[in-house]
Amino acid sequence: MKTFTIQKSQLKPYNGGSKLMAYPQFSAFNPGMAIALSLIVPGAGHIYMGRVNSGLKWFAAVMLGYMLLVIPGIILHSVCLYRAGINRKNI
């Protein structure tokens, strides 16, 4: 198990208040794993990367696309896979 040290410069105000929270500048998540999870269940890769709201939205959009027509579902699923693999610094 990896341990990380948080520097004082990585602390930022939480929701505009005075309470400081740690926002590390690195990601310990594997983008390949996120893509594999999203391939199985649309949005699961986003949830794995810590973007729960985004993952749930992608799941709903892709499922709706598959229910309406197969082609929009495939297109949305492909975009979901791509977006899950993006390793953004600010999650």
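These notes cover the structure that comes with them. All of these numbers come straight from a predicted model, not from anything done at the bench. (Residues numbered from 1 in each chain as written. Predicted model: local features only at pLDDT ≥ 70, side-chain atom pairs only at ≥ 80, totals over all residues. Heavy atoms only, no water.)

## Regarding the packing of helix 3 (residues 52–68) against helix 4 (residues 70–85)
Our working rule: Helix axes are fitted to C-alpha atoms over the stretch in contact, other axes to C-alpha atoms as well, and angles between N-to-C directions run from 0 to 180 degrees. Strands here are runs of E lasting at least two residues and helices are runs of H or I lasting at least four, both read from the DSSP assignment and numbered beginning at the N terminus. Small angles under 35 degrees read as roughly parallel and large ones over 145 as roughly antiparallel, with 65 to 115 read as roughly perpendicular and the rest as oblique. Contact between two residues is taken to exist if any of their heavy atoms lie within 4.5 Å; hydrogens are not considered. Three classes are used: nonpolar for Ala, Val, Leu, Ile, Met, Phe, Trp, Tyr, Cys and Pro, charged for Asp, Glu, Lys and Arg, and polar for all others, with Gly counted as polar.
Axis separation between helix 3 and helix 4 bottoms out at 6 Å; the angle between their running directions is 155°. Classified by the interaxial angle, the pair formed by helix 3 and helix 4 is roughly antiparallel. Side by side, helix 3 and helix 4 meet where Trp-58, Ala-61, Val-62, Gly-65 and Tyr-66 of the first sit next to Val-70, Pro-72, Gly-73, Ile-74, Leu-76, His-77, Val-79, Cys-80 and Arg-83 of the second. When its residues are assigned to classes, the contact of helix 3 with helix 4 shows ten nonpolar, three polar and one charged.

## Looking at the environment of Asn-53
How we decide: In this scheme, a residue with accessible area under 20% of its type's maximum is buried, one over 50% is exposed, and one in between is partly exposed, where area comes from a 1.4 Å probe on protein chains only.
Along the chain, the position of Asn-53 falls in helix 3. Overall, the relative accessible area of 58% leaves Asn-53 in the exposed class.

## Some words on a nonpolar patch on the surface
Where we set the bar: Patches here are clusters of residues that have more than 30% relative accessible area and form no salt bridge, with a 9 Å joining cutoff for like charges and a 5 Å cutoff for nonpolar side chains (Val, Leu, Ile, Met, Phe, Trp, Tyr). Note that accessible areas follow from Shrake-Rupley with a 1.4 Å probe, and for residues the cover is restricted to the protein chains shown. Salt bridge, as used here: a side-chain nitrogen of Lys or Arg that lies within 4 Å of a carboxyl oxygen of Asp or Glu.
Taken together, the side chains of Tyr-66, Val-70, Ile-71, Ile-74, Ile-75 and Val-79 define a hydrophobic patch exposed on the protein surface, amounting to about 530 Å² of accessible area. Looking at the element boundaries, Val-79 is found in helix 4. On the basis of relative accessibility, which here comes to 36%, the residue Val-79 falls in the partly exposed class.

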